[in-house]
Each structure stands twice: as structure tokens, then as C-alpha cells.
Amino acid sequence: MFFYVDSEPPGTENYSAPGTIYEEASEDFRRVLTSGVGCVEGPSGDRWGTWVSALTPLRPTRSGAPPALLGIDVSAREWDEHTGAVRAPYLAMTLVLAAVLGFLCFFLRRSELAQRRLSESERRLAESEKAYRGAVMNMLDVFYRVDGEGILRMMSPSAAELFGYASVDDMVGRPVEILWAHPENRPKLTAELEKFGEVLDWEFEARRRDGGTLAMSVSVQALRDESGRPAGYEGIARDVTERRQAELRLRQSERRFRTVLENMSLIGVMLDRDGVILLCNDFLLELTGWTRGEAQGRSWFELFLPEELRASARTVFRQTVETGVFPAHSRSEIVTRDGRRRTIGWNNTVFRSDEGRVENVTIIGEDITERLRAEEELRLDDMRLEALLQLNQMTDAGLQEITSFALEQAVRLTGSRIGYLAFASEDESVLTMHAWSSAAMAECRMKEMPRVYRVSETGLWGEPVRQRRPIITNSYEDPQPGKRGCPEGHVRVARHLGVPVMDGGRIVIVAGVGNKDADYDESDVRQLN
């Protein structure tokens, strides 16, 4: 391809002389010559710059002549500026139209969503009204609505059967006082409504059509008109006649139970699930020295159980409450106000709710302290007789064997842990230690154990000789008249019982025992004598 003619002035920088080869000709240039179809080509660059070109084919006038084309070049920069200016209004219009269409679509979408929400709300409202009406129509309790004039405006179908009418149509439109056995009490309900806006579980005596009465419980809320003025009330009424009767029977049963508790010579206590005393009878109070005001409402475990038993007893009680399995009979100790211990045999009764949950426990107790003591004395008497029989049969035994046997039996019969036997001189001025019990010997850490003691120099253990009678010391470690203390390594003594053994009016032996778990008393003296 070459130039025929150029519009640039000859001799200028961009002039192309005729015959100049156009080496940069693009495929579009060549396609115009071969196809005979014009086009706009570019932007494309050559040695003279970057152009947008309009190309039109020129058909030769004589046969055999080569084809040619007419080309017009426009600087690509000027072309962009020109086309930009031309396009701007249309682009702006396009953008405005797009914004309008977008807003219209958004508005239509919002309208569609709003319509859907409205339809869904209407559907749900219809379902809610249907469910509400179904609930009202089928409820066993009574729903009712009263206007500001006190006229019944709506009642659920259950009201007709409850109040003895053929249908609720016989009730709606009539004053609500037809349902009150004592209409003079209704203003109290309306006053509460005006004050609080709602009233819960208000109980009153209702009237049936045949004149019978019902115990009713109502929960109502006030209604107001658009201006906020009172417009009546609506609520739920429930027949609680059977509950009232059950409560009455329960109160009567409790009164009978209390009467039985108060008039029997047994301990009677009712505990809640936490072991708190709900009820206790006079027998328990007289036995322990507490008053009713001091006992009721207090923890049974803290007030009446020995300190060392409280934690374990509380744990066992809690477990039995949870499982619901209580022993029918049990035995335990209680402590009186002045610290005395009494052994009680218990009979336990559990009261449960309708669901089977343990509500409270009633325990009836018999004070068996004296009976057990008598039984123990009989047991010890039998043991003493047996020991005496064995002692009587020891005719061939030596003195040491006989005294050791007697000493061990004395320790056993009194429930002691240590014991001793001392012989008295003829003038009762000197005590010679003859034997210690085996346990005492095991505990003793004295390097030298003296055997001969002058009575005048002895401490508490010499008092049976000085006073010529049995001496009980249940607090040996406390300060005592005549106490002189124990030598280093001596057996620790907490309680002590010393008994003088007489022969023809003269003291021949002092028998002593010590460290019984409980206090010594006259029964222990009797066993040693």
C-alpha cells in the first residue's frame, strides 16, 4: 500500500509524497480494499501519531486498475474530546434514568414487602384470634368480660355449666352481681382494680342459678377506652371449692394431730425438708427445758442433737429426704437445755405431696433412757453375779490372782478404762498399792512406781479413807479441794471413783476405777460394793 495524494502541504513534517509506502497499514486498511466495505479504524498509531480513521473504498473507473481508498484521520485526543462532549448529555440522561429506575424498583420492592408483611400480619392475627377464641370456648375455667356499667358482655361456654344456666346467652347482658353470693363485696374488687390495674387470685363466694354457692378465685385486669378512662374489666375465674374443702379437711386433720401430740406422753416433732422444727409438743419442751418460741423455727440438729452427731445426722437426713426412703424406727440421743443426754426411740412418718415429693417428716419419740439404764444395770448385775461366782470358785488361787481378777472385773462392770486396789493398814494411816489394772500398767510411764503411801499425804484418791465413804470425781482435772496433782508419767485421769471396802467397821481395801466415758454415779458404786 502507498500514498497517492496527501492533504498535508508539501515539505511539511507530516507530508507523504505520492508513492510513499504505508508500512504501518493495519488489517482494517487492507480489509477495506479487499472487501469494498468502509469502516472506522482506531485509535491506532503510526510514525505520524495516534489516529482515528474513517476509511471508504474507491472503485476504479477502468478495468484492471488497482483499488484505492479515501482515508480521513482525526487525532485520537481530539476525537476523545469531541465524542466525550457529545456523549456527556446522553450519559447524564442515562444515569438519571438509571437512578429513577433504581428508586422505582426499590419503592416497588418495599411496597411488595410491605404488602407481604401486611398479609402475613393479617394471617397471623386471624390465626391468633381463632386460637384465642378456641381457647376461650374450650377452657375449663371461666373467661368473662364486664363493661364499665357492671354488665356481663362476654363469657366462655364453661360458665353456663358451672353456674347452672342453659347457655351463656342467659348470662350475657345481665349485671355481674348475679354471680356474687354477697354483691356488697364486689366494690372491694373494683377498688383494687382502680388502684393497681390488676388483681390476682381474689377469692369470693359465688352464686349458682339454683342458689347454691361456689368458692371462686379470679384474676382480672382493668380495661380502658381510647381516652384512658375505665371501661370495665376482664379475667379468668376458677372454681376452688374442692381446694377449699381439702384445705378445711387438712386444717381439721392438723388440729386433731396437734391434739394427739399435746396429750400423749411421747415426744412429737414435725420437721420440714431442711430439718427445721415446724411443730413440737409440750412433752418435748418439758423434757428438754426449751420453750415453744425458742424451739419452733429452729434447726432440730443444732438445738437438740449432741455436737459430735450434728453433721452426720444432717447429711443422712438430707439424703433420706431426697430419696424418700426413711427408716420406720430409729434410736438416737438428744441433749437437754442443761446438757443432759436422753436416749430416744423414734417412730418416723413421712408426708408427701401429690407428686410423691417429701414435704415434711413427723417423728414420735419415747424417752427410753431409764429403761436402757435399768437394762444395763440388770446386765451388770448378771455380770457381777457371774464374777462373784467365779471368785467364789477360786479357792485354790493365790492372793495376787484373786485380787487381779477382782480388779479387772471392777473395771469391766463400771465401764472404766483403768483401776487399782490398795490395802489399808490396821490404823488406816497407810495405803499399800497392791495391783493396777492391765490397761493402767500399759499407759503408765513413771520410772519408779511407789507402793506405800501415807493417807495424810495422798491427794483425791485418799479421800475415801479420810471421809470413810465412796468418792466420785467426774472432773478430775478441774481444781478440787485436797487435789495434789500427779507425778510425771502417771496415767492421765479424767474421772475417778474410789470406794472403801469395810471389814468389821475397819477399812481394809480401797478400790479405785477411772476414765469411764460417761460420768460415774451410784450404780457404779453399787457394782464395786
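What counts, and at which threshold
Residues numbered from 1 in each chain as written. Predicted model: local features only at pLDDT ≥ 70, side-chain atom pairs only at ≥ 80, totals over all residues. Heavy atoms only, no water. Pairing = 2+ DSSP bridges. Helix = DSSP H or I, 4+ residues; strand = E, 2+ residues; numbered from the N terminus. Axes fitted to C-alpha atoms, helices over the stretch in contact; angles between N-to-C directions. Contact = heavy atoms within 4.5 Å. Core = buried A, V, L, I, M, F, W, Y, C linked by side-chain atoms within 4.5 Å. Buried < 20%, exposed > 50% of the residue type's maximum accessible area, 1.4 Å probe, protein only. Polar contact = N/O pair within 3.5 Å; in protein donor to acceptor, adjacent residues only side chain to side chain. Salt bridge = Lys/Arg side-chain N within 4 Å of Asp/Glu carboxyl O. Parallel < 35°, antiparallel > 145°, perpendicular 65-115°, else oblique. Nonpolar A, V, L, I, M, F, W, Y, C, P; charged D, E, K, R; others polar.

Undergrad: How would you explain the sheet that holds strand β13 (residues 358-367) if you had to name every residue and give the values?
TA: Overall, antiparallel pairing links the five strands, which are arranged β10-β9-β13-β12-β11 in an open sheet. The open sheet terminates on both sides in strands that have one partner only, identified here as β10 (277-280) and β11 (329-335). Averaged over all adjacent pairs, the angle separating strand axes in this sheet is 30 degrees, with direction ignored. Pairing geometry for β11 and strand β12 (residues 341-352), over seven bridges, is antiparallel. For Arg-331, the partnering residue across the bridge sits in β12 and is Gly-345. Contacting β11, β12 and β13, helix α10 (residues 369-392) runs over the sheet at an angle of about 130 degrees to β12.

Undergrad: Talk me through the nonpolar core; I want residue IDs and the actual numbers.
TA: Soluble globular proteins: nonpolar side chains tend toward being buried together. Of all hydrophobic cores here, the largest spans 27 residues; its most connected members are Tyr-144, Leu-152, Met-155, Phe-163, Leu-179, Met-216 and Val-220. Once you skip the residues sitting within four places of it in the chain, Leu-179 turns out to touch Leu-152, Met-155, Phe-163, Met-171, Phe-204, Ala-206 and Arg-207. Judged by nonpolar contacts, the second largest core, of 24 residues, contains Val-269, Leu-271, Trp-346 and Ile-363.

Undergrad: Can you lay out the side chain of His-496 for me, pointing to particular residues and giving the numbers?
TA: With respect to the secondary-structure elements, His-496 resides in strand β18 (residues 496-503). His-496 sits in the buried class, given a relative accessible area of 6%. Among the polar contacts listed, one links the side chain of His-496 to the side chain of Tyr-420, at a separation of 2.9 Å. Excluding residues that lie within four positions of it along the chain, His-496 makes contacts with Tyr-420, Trp-461, Ile-471, Ile-472, Thr-473, Tyr-476, Gly-512, Val-513, Gly-514 and Tyr-520.

Undergrad: If you had to explain unusual backbone geometry to someone new, which residues and values would you point to?
TA: For the bond running from Gly-42 to Pro-43, omega is 0 degrees, close enough to zero to count as cis. With respect to the helices and strands, the residue Pro-43 is situated in strand β1 (residues 39-46). Not every positive phi belongs to a glycine, and Glu-428 is a case in point at roughly 60 degrees. If you trace the backbone, Glu-428 turns up in the loop between β14 (418-424) and β15 (430-436).

Undergrad: Explain the pattern of salt bridges to me, and be specific about the residues and the numbers.
TA: The tally for this structure, following the rule as stated, stands at 35 salt bridges. Note that Arg-492 and Glu-477 form a salt bridge whose closest N and O atoms lie 2.8 Å from each other. A residue pair is termed long-range when its members are at least 10 positions apart, and Arg-492 in the loop between β17 (471-473) and β18 and Glu-477 in the loop between β17 and β18 qualify at 15 residues. Under the relative-accessibility criterion, Arg-492 is labelled exposed at 53%. Exposure remark for Glu-477: the relative accessible area of 48% places this residue in the partly exposed category. Through salt bridges with shared partners, a single ionic network connects Glu-203, Arg-243, Arg-244 and Glu-247.

Undergrad: How would you sum up the packing of α10 against helix α11 (residues 399-413)? Please name residues and give values.
TA: With their axes 11 Å apart at the nearest point, α10 and α11 run at an angle of 175 degrees to one another. Judged on the interaxial angle alone, α11 and α10 are roughly antiparallel. Contact residues: Leu-380, Met-383, Arg-384, Ala-387, Gln-390 and Leu-391 in α10; Ile-402, Phe-405, Gln-409, Arg-412 and Leu-413 in α11. Looking at the contact of α10 with α11 residue by residue, the class counts come to seven nonpolar, two polar and two charged.

Undergrad: Talk me through the environment of Ser-475; I want residue IDs and the actual numbers.
TA: Following the sequence through the fold, Ser-475 ends up in the loop between β17 and β18. Judged by its relative accessible area of 29%, Ser-475 is partly exposed.

Functional significance is not addressed by these values, which are geometric in nature.
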